[in-house]
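Residue-level structure breakdown
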Amino acid sequence: MRILHLLASPFWSGPAENIALLAQAQRALGHDVTVAVDRKRRDIAAEEPAVPRFQQLGLLDDGGLTLSVKSPPWELWSDLRALRRRTVDVVHAHFTHDHLVARWGTPKGAVRIRSIHAPRSLRSSLPEAAAYTVPASHLMEKLEGRHRPVQVLPALVDPMFEPAHDRKALRRTLGLEDTHLVGMISTFQQSRRHALGVEAFAAFRQQRPESRLVLVGDGALLEATRTQVSERGLTKQVTFAGYQQGADFAKWLQALDEVWILGLGNDWSARAAAQARACGVRVVAVNEGALPDLSDAKVEAPTVDAVVTAALSGATAGTRHPTNEQIARDILALYQKAAEPRR
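For the rest of this paragraph, the subject is the nonpolar core. Leu-253, Val-259 and Trp-260 are the most contacted members of the largest nonpolar core, which totals 66 residues. At six residues, helix 6 (residues 194-207) tops the list of elements feeding residues into this core. In this structure Trp-260 touches Val-182, Gly-183, Met-184, Gly-197, Ala-200, Phe-201, Phe-204, Val-284, Val-307 and Ala-311, once residues within four positions along its chain are discounted. Residues Ala-23, Leu-153, Leu-156 and Tyr-335 belong to the second largest nonpolar core, which totals 31 residues.

Turning our eyes to something else, we now look at the side chain of Gln-228. Counting through the fold element by element, Gln-228 comes out in helix 7 (residues 222-231). Here Gln-228 falls in the buried class, since its relative accessible area comes to 14%. Among the polar contacts made by the side chain of Gln-228, one reaches the side chain of Glu-199 at a distance of 3.0 Å.

Attention now moves to the packing of aromatic side chains. Applying the stated rule across the entire model yields four aromatic pairs. Plain terms: the ring middles of Phe-204 and Trp-260 are 5.6 Å apart, the flat faces sit at 90 degrees to each other, and that makes the pair edge-to-face. With Phe-204 in helix 6 and Trp-260 in strand 10 (residues 258-261), this residue pair connects regions lying 56 residues apart in the sequence. For the pair Phe-204 and Trp-260, one class covers both residues: buried. Cation over ring: Arg-103 sits above Trp-104, and NZ or CZ is 4.3 Å from the ring centre. Above the plane of the ring of Phe-240 lies Arg-226, whose end atom (NZ or CZ) is 4.5 Å from the centre.

Taking 1.5 Å per residue as the helical rise, helix 3 (residues 73-84) with its 12 residues ought to reach 16 Å, and the 17 Å between its terminal C-alpha atoms agrees with that figure. Burial in helix 3 covers these residues: Asp-79, Leu-80, Ala-82 and Leu-83. All buried residues of helix 3 project into a common sector of 170 degrees when viewed along the axis, lining one side. Looking at helix 3, the residues exposed on the side facing more than 90 degrees away from the buried face are Pro-73 and Trp-74. Against strand 1 (2-7), strand 3 (90-93) and helix 4 (96-105) lie the buried residues of helix 3.

To summarise the sheet geometry, strands pair through backbone hydrogen bonds and adopt either a parallel or an antiparallel arrangement. A sheet is described by the order of its strands in space; here six strands give the open sequence 9-8-7-10-11-12, paired in parallel fashion. Every other strand in the sheet has two partners, leaving strand 9 (238-242) and strand 12 (297-299) as the edge strands with one partner each. When the angles between neighbouring strand axes are averaged without regard to direction, this sheet yields 25 degrees. Pairing of strand 11 (residues 282-286) with strand 12 involves three bridges; the strand directions are parallel. Paired with Ala-285 across the bridge in strand 12 is Lys-298. Helix 7 rests against strand 8 (212-216) and strand 9 of the sheet, and its axis sits at about 165 degrees to strand 9.

What follows is about the sheet that holds strand 1. Here six strands make up an open sheet; going across it, the order is 2-1-3-4-5-6 and the pairing parallel. If you trace the sheet from one side to the other, it starts and ends with strand 2 (32-37) and strand 6 (150-152), each paired once. Sheet twist, expressed as the mean angle between neighbouring strand axes with direction ignored, is 20 degrees. Sheet topology places strand 1 next to strand 2; six bridges connect them, and they run parallel.

With that settled, consider the pairing of strand 3. Neither face of strand 3 is exposed, since Val-90 and His-92 on one face and Val-91 and Ala-93 on the opposite face are all buried. Bridge count between strand 1 and strand 3: four bridges; the pairing is parallel. Looking across to strand 3, one finds that Ile-3 is bridged to Val-90. Note that strand 3 and strand 4 (residues 111-115) share four bridges and pair parallel. Its bridge partner being in strand 4, Val-90 is matched across the sheet by Val-111. In this view, the connection linking strand 3 to its parallel neighbour strand 4 by way of helix 4 has right-handed handedness.

Here is what the cut-offs are and how they apply
- Residues numbered from 1 in each chain as written.
- Predicted model: local features only at pLDDT ≥ 70, side-chain atom pairs only at ≥ 80, totals over all residues.
- Heavy atoms only, no water.
- Core = buried A, V, L, I, M, F, W, Y, C linked by side-chain atoms within 4.5 Å.
- Buried < 20%, exposed > 50% of the residue type's maximum accessible area, 1.4 Å probe, protein only.
- Helix = DSSP H or I, 4+ residues; strand = E, 2+ residues; numbered from the N terminus.
- Contact = heavy atoms within 4.5 Å.
- Polar contact = N/O pair within 3.5 Å; in protein donor to acceptor, adjacent residues only side chain to side chain.
- Phe/Tyr/Trp six-rings, centres within 6.5 Å; stacked < 30°, edge-to-face > 60°.
- Lys NZ or Arg CZ within 6 Å of the ring centre and 35° of its normal.
- Expected span 1.5 Å × (residues − 1).
- Arc of directions from axis to C-beta.
- Pairing = 2+ DSSP bridges.
- Axes fitted to C-alpha atoms, helices over the stretch in contact; angles between N-to-C directions.
- Right-handed = clockwise from strand over helix to strand, strands pointing away.

Written as structure tokens, this is what we have:
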């Protein structure tokens, strides 16, 4: 099967990594898979660019698509014509711009699939597709009226996320104490609720005084969080690990006992929770996106008491997350179902 993924983003963030892992898994199953990304926006110093990553993985599409929301009408028209000339079986669109290009440019005989990565895309103007994916099971009902196959596309996990072989030694390497470590692993922004996490940790320590908090990431609210930690008298109990990526990020995650995920960004598949589970780290999370499907303990409301109650509950989920291969097989089956004649 010849599969073309469309991702109108120049950033290696949000759903980009999940799409790359899906494409890799599809390719490993014997299919011809490439990913087209935004080739127009280059001034993106604040974030890691996607082109080098997809190029390094051998997945970058060189079919001449600009695929940018910043394209003027003539470039958009050029993308439509370039896409129509492609020889593919599946055009898998991931963002709104991709779907618009695919709506008018899908080659004859190819099926058009749309992945919804956040609920804001679920609106009446959503273009038609042969099938859809959503990041969380509770969003499936939103597409029932379209009478098309709908399936959950869960978070895929890089193989480097696995339990630490020697967590005590790993903690020494990272300069961490060998005690109960709670972590938060996200950008410091309002939606991730670091302020709530710090307050909850202060309350949590009343029951678990030996515990330490590890904050991995950077962002606009980093300094405000440092100030809050200092004002709460927690400076010696909190480690700011900074921005980590790749294997370094995996090591910090492997060192933890549990992670608190108290809010989501623009990827509702809750990949961080899936990565934590793969590392054998307990997940305490709010009821957002796909987090309920990946949590060991659910935070019933974004309050200090609710976070502490969930963290102290000791609850662990018995369900296993599907492998990347199984997810890829399920999505390939969706493609085949979408290609069947409608009754």
